[in-house]
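One-letter residues, chain by chain:
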Amino acid sequence: MMGILNVTADSFSDGGRWFETHQAVMRGHEMIAEGADIIDVGGESTRPGASGVPVEEELRRVVPVVAALAGQVRVSIDTTKAEVAAAAVEAGASLINDVSATLWSVAARHGVGWVAMHRLGTPASMQVDPHYGDVVAEVSALLVERAGQAASAGVKEVWIDPGIGFGKTIDHNLQLLAALDKLVATGIPVMVGTSRKGFLGALAASVDGTPAPVEDRLPGSLATATWAMQHGVGMVRVHDVAASVQAAVLVGRMGPGAAPATGSSAQPEHQGIADPGVRA
Ligand code: HH2
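Residues numbered from 1 in each chain as written. Predicted model: local features only at pLDDT ≥ 70, side-chain atom pairs only at ≥ 80, totals over all residues. Heavy atoms only, no water.

So, on to helix H6 (residues 170–178). Among the residues of H6, those classed as buried are His172, Asn173, Leu176 and Leu177. Down the axis of H6, the buried set is contained in an arc of 130 degrees. They therefore lie on one face. Contacts made by the buried residues of H6 are with helix H5 (135–153), helix H7 (180–184), strand E7 (191–192), helix H8 (198–203) and helix H9 (218–230). (Buried < 20%, exposed > 50% of the residue type's maximum accessible area, 1.4 Å probe, protein only. Helix = DSSP H or I, 4+ residues; strand = E, 2+ residues; numbered from the N terminus. Arc of directions from axis to C-beta. Contact = heavy atoms within 4.5 Å.)

What follows is the structure, encoded as structure tokens:
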């Protein structure tokens with residue numbers, strides 16, 4: 001479970017909430033307590049239309065937060081800048097989460113893991129009429145190619161991510177989620193991030209067509225994270241860590257390799273019915 005920590009003023013769902021170092025570190029501690037395995041620290045929003053952040057400012061935002069959390073949990077750095085990635089690794093990050101899928105040589109040089117995410121265009125342009133011949137085949141081909149380059153350069157831990165919402169229509173996002181099996185079948189570990197994204201708002205729009213606001217997108221976020229985990233995705237990137245961990249525990253307990261229930265959770269079903277306080 002990767003918890004999202006945006007040290008930004010303008011992220012699409014939590015911009016400004018964790019902008020000061022102490023707020024961000026506090027949020028990181030909360031997510032650790034909620035069960036996050038990795039905290040993904042980012043200092044530049046990638047939402048459609050976002051403006052870039054100068055390197056010095058991005059460093060100022062992320063490095064102290066990475067340094068404060070790195071002793072307590074695994075930390076990834078969400079950046080497209082080689083200099084920021086390198087500084088975050090120096091501060092203790094061990095995974096570079098790269099939405100540009102171009103920084104594998106930085107990961108190789110520093111001996112850390114790397115996430116290659118697919119995107120079409122840049123934040124400024126990516127949602128302006130994105131087009132693909134076959135979105136699943138094109139996204140998959142690019143990711144497999146980049147993962148191969150990273151492995152050849154010596155990166156030991158490579159993840160691929162279809163980049164939900166990055167130069168994709170609602171239909172493209174749904175096609176990619178429907179085809180997660182194909183990405184998983186490449187044998188390269190897959191991660192996915194759907195949390196609170198715009199397509200979930202659009203699909204949960206009210207009768208007058210108004211998209212569901214970000215704070216009302218937990219149901220879609222959980223449904224898609226659960227779907228992804230069930231289809232073999234190894235890591236989901238989420239804002240709502242506690243709720244997503246609950247979903248992950250259930251998926252783990254119901255999956256093919258799940259261990260039989262032990263202890264109190266092994267009680268026969270009917271025993272719960274006798275106790276009005278217990279509900280399945
Ligand atoms: N999505 C966002 C940012 N980084 N990294 C990966 N690997 N996969 C994703 O889907 C992904 C990502 C966008 O979400 P968020 O960080 O919440 O918003 P913003 O970019 O506005 O800060």
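There's plenty left to go through after this.
The next subject is H9. Between the first and last C-alpha of H9 there are 18 Å, a value that for 13 residues agrees with the 18 Å anticipated at 1.5 Å per step. Turning to H9, its buried residues number three or more, namely Ser221, Thr224, Ala225, Ala228 and Met229. The buried residues of H9 occupy one face: seen down the axis, they fall within an arc of 135 degrees. Opposite the buried face of H9, by more than 90 degrees, sit the exposed residues Pro219 and Gln230. (Expected span 1.5 Å × (residues − 1).)

With that settled, consider the site of the ligand. In the vicinity of the ligand, 18 residues are found, and the nearest of them are Ser11, Ser45, Thr46, Asp161 and Lys197. A distance of 3.0 Å separates a nitrogen atom of the ligand from a polar atom in the side chain of Asp78. Across the complex, the protein chains shield 98% of the 480 Å² of accessible surface that the ligand would expose by itself. In this structure, the ligand is accommodated by the largest pocket. (Near = heavy atom within 4 Å. Polar contact = N/O pair within 3.5 Å; in protein donor to acceptor, adjacent residues only side chain to side chain. Areas by Shrake-Rupley, 256 points an atom, 1.4 Å probe, with all protein chains shown as cover. 1 Å grid on protein atoms, 1.4 Å probe; cavity = no way out; pocket = protein on both sides within 12 Å on 5 of 7 lines; lining within 4 Å. Sits in = over half its atoms within 2 Å of the grid points.)

Spatially, the eight strands line up as an open sheet ordered E6-E5-E4-E3-E2-E1-E8-E7, and their pairing is parallel. Each end of this open sheet is capped by a strand with a single partner; those strands are strand E6 (158–161) and E7. The sheet contact formed by strand E4 (residues 95–98) and strand E5 (residues 113–117) spans four bridges and is parallel. Residue pairing for E5: Asn97 is matched across the bridge by Val115. Sheet strands touched by helix H1 (residues 21–34): strand E1 (2–6) and strand E2 (38–42). Its angle to E1, the strand with the most contacts, is close to 170 degrees. (Pairing = 2+ DSSP bridges. Axes fitted to C-alpha atoms, helices over the stretch in contact; angles between N-to-C directions.)

This part covers empty space enclosed by the protein. Considering all chains together, one arrives at two cavities of 30 Å³ or more under this definition. Approximately 70 Å³ is the volume found for the largest cavity. Around the largest cavity sit Val192, Gly193, Thr194, Ser195, Ser221, Leu222, Ala225, Val236, Arg237, Val238, Asp240 and Ser244, which together line it. Looking at the lining of the largest cavity, the elements with two or more residues in it are H9 and strand E8 (235–238). Considering only residue class, the lining of the largest cavity consists of five nonpolar, five polar and two charged. (Points joined across faces, edges and corners; volume = space filled by probe spheres on them. Nonpolar A, V, L, I, M, F, W, Y, C, P; charged D, E, K, R; others polar.)

Mapping Glu58 onto the fold places it in helix H2 (residues 55–69). Judged by its relative accessible area of 0%, Glu58 falls in the buried class. In contact with Glu58, other than residues within four places in its own chain, are Gly43, Glu44, Val53, Asp78, Thr79, Lys81 and Val84.

Here the focus is the pairing of E8. Residues Met235 and Arg237 of E8 are buried on one face, and the alternating residues Val236 and Val238, pointing to the opposite face, are buried as well. Across two bridges, E1 lies against E8 in parallel orientation. Of the residues in E8, the one forming a bridge with Gly3 is Val238. Pairing of E7 with E8 involves two bridges; the strand directions are parallel. Paired with Val192 across the bridge in E8 is Val236.

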